[in-house]
There are 2 protein chains.
Amino acid sequence: MKATIRALARVVKDASPQLAATSSAQRDQALHEIAEALLRAQTEIIAANRQDLEAARAAAMSSAMLDRLALDERRVTAMASAVRELIALPDPLGGLDAMWVRPNGLRVGRRRIPLGVIAIIYEARPNVTSDAAALCIKSGNGVILKGGKEAFASNRAIVAAMREGLAKAGLPESAMAFIDSTQREATQALLELDELVDVVIPRGGEGLIRFVAEHARMPVIKHYKGVCHVFVEASAQPEMVESIALNAKCQRPSVCNAMECLLVDAAWPAAELQRVVKALLARGVRIHACPKSLARLEPNDALVPAVEDDWGCEYLAMEMALKTVENLDEAMQHIQRFGSQHTDAIITERYALAERFLAEVDSSTVLVNASTRFADGGELGLGAEMGISTSKLHAFGPMGLRELTTTKFVVYGSGQVRS
Amino acid sequence: MKATIRALARVVKDASPQLAATSSAQRDQALHEIAEALLRAQTEIIAANRQDLEAARAAAMSSAMLDRLALDERRVTAMASAVRELIALPDPLGGLDAMWVRPNGLRVGRRRIPLGVIAIIYEARPNVTSDAAALCIKSGNGVILKGGKEAFASNRAIVAAMREGLAKAGLPESAMAFIDSTQREATQALLELDELVDVVIPRGGEGLIRFVAEHARMPVIKHYKGVCHVFVEASAQPEMVESIALNAKCQRPSVCNAMECLLVDAAWPAAELQRVVKALLARGVRIHACPKSLARLEPNDALVPAVEDDWGCEYLAMEMALKTVENLDEAMQHIQRFGSQHTDAIITERYALAERFLAEVDSSTVLVNASTRFADGGELGLGAEMGISTSKLHAFGPMGLRELTTTKFVVYGSGQVRS
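(A) Inspection of the overall build of chain A at higher detail. Of the regular secondary structure elements, chain A holds 15 helices and 16 strands. Within the span of chain A, comprising 419 residues, buried residues form 59% of the whole. When contacts within chain A are restricted to residue pairs at least 6 apart in sequence, those whose partners lie at least 24 apart make up 72%. Total accessible area on chain A stands at roughly 15,700 Å², and carbon and sulfur atoms take up 50% of it. Positive and negative side-chain charges in chain A, numbering 47 and 51 respectively, have mean positions lying 5 Å apart.

(B) View of the sheet that holds strand β6 (residues 199-203) of chain A. Residue and element names in this part refer to chain A. Strand order in the open sheet made by the four strands is β5-β4-β3-β6, with parallel pairing throughout. Bordering the open sheet on either side are β5 (176-178) and β6, each of which pairs with just one other strand. Going across the sheet, the axis of each strand differs from the next one's by a mean of 15 degrees, ignoring polarity. As defined by bridge partners, strand β3 (residues 117-122) adjoins β6 across five bridges and the pair is classed as parallel. Bridge pairing links I120 to I201 in β6. Each of β3, β4 (142-146) and β5 is contacted by helix α1 (residues 2-20), which is oriented at about 150 degrees to β4, the strand it contacts most.

(C) Structural detail: the interface of chain B and chain A. Listed by partner, the interface residues are 74 residues for chain B and 75 residues for chain A. Of the roughly 6,200 Å² buried where chain B meets chain A, counting both sides, 51% is carbon and sulfur surface. Sorting the residues of chain B by area buried against chain A places L393, F409 and R418 of chain B first, and these three jointly supply 14% of that buried surface. Summed over the shared surface of chain B and chain A, the number is eight salt bridges. The salt bridge partner of E379 of chain B is R418 of chain A, with a shortest N-O separation of 3.3 Å.

(D) Broad picture of unusual backbone geometry. All names here are of chain A. Here L316, not a glycine, exhibits a phi torsion of approximately 55 degrees, which is positive. For L316, the position within the fold is in the loop between β10 (303-305) and β11 (319-325). Since its relative accessible area comes to 33%, L316 is described here as partly exposed. One non-glycine residue with positive phi stands out, namely N369, at about 50 degrees. One can find N369 in strand β13 (residues 365-370). Using a relative accessible area of 7% as the deciding quantity, one classes N369 as buried.

(E) Region of interest: the side chain of H223 of chain A. All names here are of chain A. In this structure, H223 sits in the loop between α9 (206-215) and β7 (228-232). Exposure remark for H223: the relative accessible area of 9% places this residue in the buried category. Within the structure, the side chain of H223 is placed 3.4 Å from the backbone oxygen of I221, a separation counted as a polar contact. Side-chain polar atoms of H223 contact the backbone nitrogen of I388, separated by 3.3 Å. Not counting residues up to four positions away in its chain, the partners in contact with H223 are I201, P202, G204, I209, M386, G387, I388, S389, T390 and M399.

(F) View of the nonpolar core. Residues and elements named next belong to chain A. Core analysis: the largest hydrophobic core is formed by 53 residues, its most contacted members being L38, I120, L145, M176 and M386. Here this core gets eight residues from one element, more than from any other, and that element is helix α7 (residues 152-168). Not counting residues within four places of it along the chain, the set of residues in contact with M176 comprises I34, A133, I137, V143, L145, V159, M162, R163 and L166.

(G) Structural detail: helix α10 (residues 238-250) of chain A. Residue and element names in this part refer to chain A. In a regular helix each residue adds 1.5 Å, so 13 residues correspond to 18 Å; α10 covers 18 Å between its end C-alpha atoms and thus fits that length. Counting buried positions over the 13 residues of α10 gives eleven, a clear majority of the element. Restricting attention to buried positions, one finds in α10 the residues P238, M240, V241, E242, I244, A245, L246, N247, A248, K249 and C250.

(H) Structural detail: the relation of the copies chain B and chain A. Overlaying chain B on chain A yields an RMSD of 0.0 Å, the required transformation being a rotation through 180 degrees with an accompanying axial translation of 0.0 Å. In symmetry terms, the pair is related by a two-fold rotation axis. Ranked by how close their C-alpha atoms come to the rotation axis, the residues of chain B are headed by H394 of chain B, at 1.9 Å. Mapped onto chain A, 100% of the interface residues of chain B are again interface residues, and the two copies thus contact each other with one and the same surface.

(I) Focus on the packing of helix α2 (residues 24-40) of chain B against helix α7 (residues 152-168) of chain B. All names here are of chain B. At a closest axis distance of 7 Å, the pairing of α2 and α7 adopts a crossing angle of 140 degrees. Regarding the angle of α2 to α7, the classification is oblique. In this structure, α2 crosses over α7, and the sense of that crossing is right-handed. Residue-level inspection shows A30, E33, I34, A37, L38 and R40 of α2 in contact with α7, the latter providing I158, A161, M162, E164, G165, L166 and K168. Of the residues contributing to the contact of α2 with α7, the split by class is eight nonpolar, one polar and four charged.

(J) Representation of the confidence of the model for chain A within the structure. Per-residue confidence for chain A gives a mean pLDDT of 95; residues scoring 70 or more make up 100%. Here the predicted complex carries an ipTM of 0.93, next to a pTM of 0.92.

(K) Fine view of the pattern of salt bridges. This model, assessed by the stated rule, comprises 54 salt bridges over all chains. With a closest N to O distance of 3.2 Å, E272 of chain A and R275 of chain A form a salt bridge. Taken together, the residues span about one helical turn, with E272 of chain A and R275 of chain A both in helix α11 (residues 270-282) at a distance of three residues. Judged by relative accessible area, which is 22%, E272 of chain A ranks as partly exposed. Here R350 of chain B ties to E233 of chain B by a salt bridge, and the two come within 2.7 Å at their closest N and O atoms. Of this pair, R350 of chain B sits in the loop between β12 (343-347) and α14 (351-360) while E233 of chain B is found in the loop between β7 (228-232) and α10 (238-250), placing the two residues 117 residues apart along the sequence. The exposure class of R350 of chain B is partly exposed, given its relative accessible area of 42%. Looking at E233 of chain B, the relative accessible area reads 2%, which means it is buried.

Rules used throughout
- Residues numbered from 1 in each chain as written.
- Chains lettered and ligands numbered in written order.
- Predicted model: local features only at pLDDT ≥ 70, side-chain atom pairs only at ≥ 80, totals over all residues.
- Heavy atoms only, no water.
- Helix = DSSP H or I, 4+ residues; strand = E, 2+ residues; numbered from the N terminus.
- Buried < 20%, exposed > 50% of the residue type's maximum accessible area, 1.4 Å probe, protein only.
- Contact = heavy atoms within 4.5 Å.
- Areas by Shrake-Rupley, 256 points an atom, 1.4 Å probe, with all protein chains shown as cover.
- Lys, Arg positive; Asp, Glu negative; His and termini not counted.
- Charge placed at Lys NZ, Arg CZ, Asp CG, Glu CD.
- Pairing = 2+ DSSP bridges.
- Axes fitted to C-alpha atoms, helices over the stretch in contact; angles between N-to-C directions.
- Buried area = accessible area lost by both parts, 1.4 Å probe.
- Salt bridge = Lys/Arg side-chain N within 4 Å of Asp/Glu carboxyl O.
- Polar contact = N/O pair within 3.5 Å; in protein donor to acceptor, adjacent residues only side chain to side chain.
- Core = buried A, V, L, I, M, F, W, Y, C linked by side-chain atoms within 4.5 Å.
- Expected span 1.5 Å × (residues − 1).
- Least-squares fit on C-alpha atoms with pLDDT ≥ 70 in both.
- Parallel < 35°, antiparallel > 145°, perpendicular 65-115°, else oblique.
- Left-handed = near helix turned anticlockwise from the far one by under 90°.
- Nonpolar A, V, L, I, M, F, W, Y, C, P; charged D, E, K, R; others polar.
- pLDDT = per-residue confidence, 0-100.

What follows is the structure, encoded as C-alpha cells:
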C-alpha cells in the first residue's frame, strides 16, 4: 500500500512543474475540456453514482445524506458549469505581488507560483471532486484526491472524465490522481509523503480533520466547525437586527456560516427582543435561552432553557442559542470562549464599539451590520472558494485561488555581490 | 510533563490577545525595555553561559561549536542592539492588505493580525533566543521557546531578562515562555497542543526538523538545508562569474545561502573556467569536479573527481562541486534533482534564458547576475529575518515580520443580508 501511494504521488509531483509552466490560456482551455468531458461522461458518472447510492441505502444512510450523495443530469451539468466559471477568473499565477529596488540596485520581486501538489481528503459530496480539482488546475497545482468511501464509484468516474479533459487540452493527465482505495491506511500512507505533497486540505467532519492533523507530516489547512455569533449591541436598529438574525439563522441553517448563537445586550429593548424571537419562532427555530433572556420573553414551547452544552454548539439546524450579556466585553469574552474563530458579527450604531469588535474578535471573518452568511469566498469577492480555513497559517477564512499559490523571490541583478 | 507543558502553553495563549491588542508604540517600548534588561542582566547571562561552556567542554564539543555557544560582553551587547533595531521597522499589524466594495455595498478588507502563539524549537546559538522572541513581540505574537540543551542555562537567563523587560513596559510577561526542560518528551508534549500553538518553527539540524515535522499537529515552517547552485550560462561575462562565484562560495561558507555547486555551460570558454577555478583554489576551496570539467582544467591537488554524493551535498565549508552541463535545460534538471528549493542563480547576458530560469527554477529565491548570498531577509529588504522557509505554505524563502502575521476579513455593512 505504502509503495503504491508513494508511486502515485511521485507521478503527480513529477508532472507538477509542467503544469506550473503552462500559460493561463492553456489552463483555461483545460478547464473548458474538463467541463466538456464531464458532460460527455454523464451517463457513466450517473451509473457509478447509482452503485454508491445502492450501497448507501443498504447501509441505511439517512435521507439527508443520500440527497447530498445523489447525482442526476442536472447536478452533473452544474458540476461542469462550476468548472467553466473558473475560466473567467483572473490567473493567480505569474504576477508580482510587489517589486522594490535595493540600495545596491538589485530589483527584488515576489512572484506568485503554485504550491506544487495539493492533497484533498474529503467526505460524502461528489461535486467536491470536480470543484476542488478544477481550482487546483486553474492555480497550476498537481492534485491528489482521496474521497470518502460513500462516493467512491462516483468520484472515480468524475476523475476519469476530468483526466481525459486534461489530456485533450495537451496537459499532463498525471497531474491529477485519484486514490483508488477506501482504506484509512491509504490516507495514512499519503500523509507521510511530505517530500511529495506540499499541503493537505481535509474537508469533512471533525474526526477526519483530527485524523489528518495527527498523521500529516506536511502542512494541513483545516476547515473546522463554524460556531457563528451575532451580537446585538444596545444601539442596534431593530429592523436591522430582525433581518440579519433571520437571514443568518434561517436562510441555510446547515452550513458553517449560519448563526448558532444570538448575544443580546441587556440594554436593548425587551419589546424589540420579543419581536425578533417571535419572528424566529414563527420560522420554526427552536431557541435555547439563558435565564436572563427567558425572564424578558413570553413563554413558548420552542423557547427552552439553555444548558451548558448549548454554548459553543454547532446545531447546523433550525435551532440556536440566545444569551443576554451586560456589554460588548461580555459578548467578546463569550465569543472567545465558545466561538470557533470562524465568523462573528456585531449589530450596532456606535462607531467605537464597531471598531473594537472588528479589532478584537479573533475570527477569520468579522462583520459589522451584515449577516454571517457572507463569510464565503464568492460573497466576499474571491471568485471561487476551496473552503474556509480556521487555521491561521497561510490562509485564514475563505480560501480562493490566491490561497492555492505562494510566492518566491525573484532577483534581477547586474553582477552584485555581498560585501 | 504533558500537564506542565499544557499549562505553560495555556498561559501564553491566554496572554496573546492582550499582546495583539497593544499599539505599535507599546510594543516598541517593550523592545526598548527588553534591550535595556538584557544589558542589565549581562553578568548573569555570561555567568550562565559559563556553565553551558563548561558542560560543553566536558562533553568534548568542537571548538567551532564552542565558539557559536560562547557569550561575552560584546555578544550580549550585540543581542540588545539587534532587539533595538526592530523598533525602527514598520508595524506589521493592523493595516489592510487590500479593501474592495461588493455590488451590495459591503466593504471587505483583509486586515493584518498576529498568528497568535509561535513555538520556536532550536539548537545551539543563544542569540537565536533574543532574536526570535523579539520578532514575535514586534509582530504581536505570544512565543514559547525551547532551546537546545547545550545552551540551556544561557537561554534561561536571556528569557528571564526579556520577560522582565516586557513587564517593565506594562506588557504581559506571560506572553513569553521558556520550556524549562531539555527532554525530548517536553518537545513532543508541546507539539501535540494544536489548539494552543498556532505554528512551530524548528531551527536546527535535519534530525530536529524531521522530528518536529513528524510529531507536530500544528503547522510547521521548516528551514531545511540550502544546496545553492550558480549556473554559468554560455554568454556569461567572465569578470561577473569570477566575482559572483568567489562571493557566493567564500564570503561566508558556513551559511545556507553559500554556493555549493557551480554548473558551467560546456560552451563557456575553457580559459575563463580555468581562471575562475584558479581563483577559487587560491582561496583554499576544494573542488569536486565532474569528468568533463576535469578534462578542461589543469590538474591540481585540490581539484578532485566528484562522486555521486557530491551532487546535492551541503558542504557548509570551503568545498564545492563543479559540473559541466550542455545547456540551460540540463542545468535546471540538475537543480531540480539535487537542489533544495532554497536559492539558485544564473549568470547570463541572454534575456530569454534569464526569464526562463526565473520562471522555471522552483526555489524560494532565484537570481540573475547576483550572488546567492543575497537570499537573506535583511539583504532582500525585509528588515529582519526569522529564518528561511523551505516549505511553500505561508512563507517560502526569507521570512520577515510580515510572515509572522496573517490576515482576517473585516466586513463593513449597513444591514446587508444574503439573498
